[in-house]
Amino acid sequence: MSEAVELQAPVQNGRRWGVLRDVVISVGVIGLIWLGLRVLRDPEAFSEWGDLTGKLAQAMLALVLGIAGIWALFIVVNSLVEHLPARAAELVRPWIFVLPALAVVAVYLVYPAIRTIIQSFTEVPEGGGIFSNYIEAFTDPAVQIAIRNNVIWLLLAPAAAVVIGLAFAALADRVKHESLAKTFVFVPLAISMVGASVIWGYMYAWRVPGTDQVGFINGVIQFFGGEPIPFLFEIPINTYAMIVIMIWLQVGFAMVILSAAIKGVPVELTEAARIDGASELQNFFKVLVPSIRGSIITVFTTIAIVVLKVFDIVYTLTGGNLETEVVALRMYDAMFRFRNFGQATAMAVILFLAVVPIMIVNVRNLRKQGIEA
Amino acid sequence: MTARTLRRTGMPNRGGWPVKLSVFLIVVLWTIPSLGLLVSSFRPASEATATGWWTALFSPLATDWTFANYANVLGKGGMFDAFVNSLIVTIPATVIPITLAAFAAYAFAWVKFRGRAFLFAVVVGLLVVPLQMSLVPLLRIYQATGLTGSFLGIWLAHTGFGLPLAIYLLYNYISQLPKDIFESAYIDGATPFTAFTRLVLPLSYPALAAFAIFQFLWVWNDLLVALVFLGTTSDVSVLTIQLATLAGTRGESIHLLSAAAFVSMVLPVVVFLALQRFFVRGLLAGSVKG
């Protein structure tokens, strides 16, 4: 790409044809993508293909559009830039690389977040002051229950997941089939919260006492002569029953990260403590736990953020009825059930304010540890 | 995690039977819920709704094992269409953000331009914004532009929500690549674009794979974004929505519900078990998703 070449006339000529060709290709590519998206939107487009082939044809088109489309766009735009004078190309090129990402982030995160904050003050009921969405949020008994429940979730789920995960990581570290054992605890991480809710909805199933129980837990309770408990219908057990699901899902995450941390503790450290006469338990609490403190904070804060935004489990199992409401579900209901968008934005801001401090602790802690990709 | 490296562990000595027993107990406790569902999905309706799944395990020969539940949910239950829809949503919603993020991360790391540090700080700062902050204004834009219920709409939504993390992860990796390889590539006449496709992409595959698995599972298992932007109409409904709807309407038909749940879980669990190695890396670094 030396400058000398550019000055030669024949090459210049060839370049002009190259420009024309690349412009035509670019327009063609963009036109094809646009056309493809139109076809994808059209519910009738594949109807004559029959149910199965129609669906699969639609899938193929969607995949080609989504995957090849994004690459084709980058390639054609880049080919156009290569035709600019070297100086201009240099200036434009970085923006081709970052602008698509920045544009998406601006449209999907920056603008909406600012808009949400503004709307939470301006989109108020007739005659209300600028804080009326927030006043309503904190005085509406249903929202109060949601906030109270979020606090209960936050107090129980992250701590329980960390304790069980840490205990299991430390115990599994000392058995023969460690990685096999860990896989069993780890797998729930791949399961959706909806799936987990279905799994546990069945664990909690309740039948009239004395009849055959189909839910495992009530089966056990009845086997030992106890009275079956309607876990998902009895207040306040229902909230705790759903917190258990979250713990079941998150222990695997805690275990993996803490297990990696435990294996990073130098053996000399625990050996030295042992020689000094420390018992296994003392060794665990006084040597091991303090040296993996950073990882514990990471796990705790990460699960705390997931828990604050809990939605799927409650949506699937109780729909927020029977005093199980949580903030994220309340927000969804404000949007789609009550059509109260001002209220919804206020709930989003409350959630945001709750997440920010935890996130800051998390990111700081990650930085300190130098844990990176 | 699975690597059999030199054992330099904090607790090097093997545990006795109490340790083994507790590990075994936790494994059993963690497996029973899924096992119960798996067993039920192969039991006929008459048995599954009458007795506990464990009775089938105690008398496997008396049980009328069947695939009928799967046939039922895949056909009438709409789980096959939902499975295809989930694929249509998930694959581009994984590839698009990775592509955008890899380009951006590369430029942030290796190409000089004005405002680079500031813009990168903004992108990373967006990690703290929960996606709930975007829902209301975005829904309004989508309703105005007709993007609700379209695959393009949900691809872009997942792309937007996934990008800050993707850029952050990939930047951390790409910025650590040795400087010399770029210099020699430029001397050999590479443009930044070819340097990116021929050098950066192949060299950063562990980071790309880690994020890919993370995003794949996130999108596949997502309920909220799909509910808000895609909706519950059957021609676009994804697995999580279909399953949640079944759970609401057919809560008592456990044989169908369990089969449907397994249809929705099989792909992520397989992907996850096959690529655990990368996933753990993604988890370690991806724990900051907003």
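Here the structure is a predicted model, which is why all the values come from computation and not from measurement.

**Quick word on the overall build of chain B**
Assigned secondary structure in chain B consists of 15 helices and zero strands. Considering only C-alpha atoms, chain B reaches an extent of 75 × 65 × 35 Å along its principal axes. Across the 290 residues in chain B, those meeting the buried criterion constitute 61%. Taken as two groups, the 17 positive and 9 negative side-chain charges of chain B have centres that lie 14 Å from each other.

**Focus on the domain arrangement of chain A**
Residue and element names in this part refer to chain A. The domain architecture assigned to chain A consists of domain 1 (2-122) and domain 2 (133-368). Using C-alpha coordinates to define each centre, domain 1 is positioned 42 Å away from domain 2. Around 460 Å² of area is buried between domain 1 and domain 2 when both sides are counted, 69% of it from carbon and sulfur atoms. On the domain 1 side of the interface with domain 2, the three residues burying the most area are Thr 116, Gln 119 and Ser 120, jointly 76% of the side's total. Summed over the shared surface of domain 1 and domain 2, the number is zero salt bridges. Connecting domain 1 to domain 2 are three residue pairs in polar contact (both at pLDDT 80 or more). Residues that form the side of domain 1 that touches domain 2 fall into these classes: two nonpolar, three polar and no charged.

**As for a nonpolar patch on the surface**
Residues and elements named next belong to chain A. There is a patch of nonpolar side chains on the surface, built from Val 19, Val 23, Val 27 and Leu 80 and spanning about 280 Å² of accessible area. The element contributing the most residues to the nonpolar patch is helix H2 (residues 9-41), with three residues. Mapped onto the secondary structure, Val 19 falls in helix H2.

**Points about helix H6 (residues 116-125) of chain B**
Every α-helix carries 3.6 residues per turn, so stepping three or four residues along brings you back to the same face. For H6(B), the full list of buried residues reads Leu119(B), Phe120(B), Val123(B) and Val124(B). All buried residues of H6(B) fall inside an arc of 135 degrees around its axis, so they share one side. More than 90 degrees from the buried face of H6(B), the exposed residues found are Ala117(B) and Phe118(B). Taken together, the buried residues of H6(B) touch helix H4 (86-122) of chain A together with helix H5 (79-110) and helix H8 (151-174) of chain B.

**Quick look at H5(B)**
With 32 residues, H5(B) should cover 46 Å at 1.5 Å per step; its first-to-last C-alpha distance of 46 Å lies within 8% of that length. When you tally the buried positions in H5(B), you get 25 out of 32 residues, the bulk of the element.

**Things to note about the side chain of Ser40(B)**
Turning to its location among the elements, Ser40(B) is positioned in helix H1 (residues 17-41). A distance of 2.9 Å separates a polar atom in the side chain of Ser40(B) from the backbone oxygen of Gly36(B). For Ser40(B), the contacting residues outside a window of four places in its chain are Tyr202(A), Trp53(B), Asn69(B), His255(B) and Ser258(B).

**Some details on the packing of helix H3 (residues 51-81) of chain A against H5(B)**
Where H3(A) meets H5(B), the axes come as close as 10 Å, and the angle between the chain directions of the two elements is 5 degrees. Judged by the angle between their axes, H3(A) and H5(B) are roughly parallel. Along the lines of polarity and charge, the residues of the contact of H3(A) with H5(B) split into 19 nonpolar, four polar and two charged.

**Here's the deal with the interface of chain B and chain A**
Of the residues lining the interface, 128 residues belong to chain B; the matching set on chain A comes to 123 residues. Summing both partners gives a buried area of about 11100 Å² for chain B against chain A, and 75% of it is carried by carbon and sulfur. Taken together, the links from chain B to chain A amount to one salt bridge. A salt bridge links Arg140(B) to Glu123(A), with the shortest nitrogen-to-oxygen separation between them at 2.8 Å. Run the count over chain B and chain A and you get ten residue pairs in polar contact (both at pLDDT 80 or more). At 17 residues, the largest contribution of residues to the side of chain B that touches chain A is made by H5(B). Taken together, the residues of the side of chain B that touches chain A break down into 83 nonpolar, 32 polar and 13 charged.

**Things to note about the nonpolar core**
Of all hydrophobic cores here, the largest spans 221 residues; its most connected members are Trp153(A), Phe168(A), Met335(A), Phe108(B), Trp155(B), Ile167(B) and Phe229(B). At 18 residues, the largest contribution of residues to this core is made by H5(B). Two domains share this core, each providing at least three of its residues, namely domain 1 (2-122) and domain 2 (133-368) of chain A. Residues contacting Trp153(A), with those up to four places away along its chain left out, are Pro158(A), Thr239(A), Met242(A), Ile243(A), Met246(A), Val307(A), Val310(A), Ile313(A), Val314(A) and Val326(A).

What counts and how
Residues numbered from 1 in each chain as written. Chains lettered and ligands numbered in written order. Predicted model: local features only at pLDDT ≥ 70, side-chain atom pairs only at ≥ 80, totals over all residues. Heavy atoms only, no water. Helix = DSSP H or I, 4+ residues; strand = E, 2+ residues; numbered from the N terminus. Buried < 20%, exposed > 50% of the residue type's maximum accessible area, 1.4 Å probe, protein only. Lys, Arg positive; Asp, Glu negative; His and termini not counted. Charge placed at Lys NZ, Arg CZ, Asp CG, Glu CD. Domains from an automatic or database assignment. Buried area = accessible area lost by both parts, 1.4 Å probe. Salt bridge = Lys/Arg side-chain N within 4 Å of Asp/Glu carboxyl O. Polar contact = N/O pair within 3.5 Å; in protein donor to acceptor, adjacent residues only side chain to side chain. Nonpolar A, V, L, I, M, F, W, Y, C, P; charged D, E, K, R; others polar. Patch = residues over 30% accessible without salt bridge, like charges linked within 9 Å, V, L, I, M, F, W, Y side chains within 5 Å. Areas by Shrake-Rupley, 256 points an atom, 1.4 Å probe, with all protein chains shown as cover. Arc of directions from axis to C-beta. Contact = heavy atoms within 4.5 Å. Expected span 1.5 Å × (residues − 1). Axes fitted to C-alpha atoms, helices over the stretch in contact; angles between N-to-C directions. Parallel < 35°, antiparallel > 145°, perpendicular 65-115°, else oblique. Core = buried A, V, L, I, M, F, W, Y, C linked by side-chain atoms within 4.5 Å.

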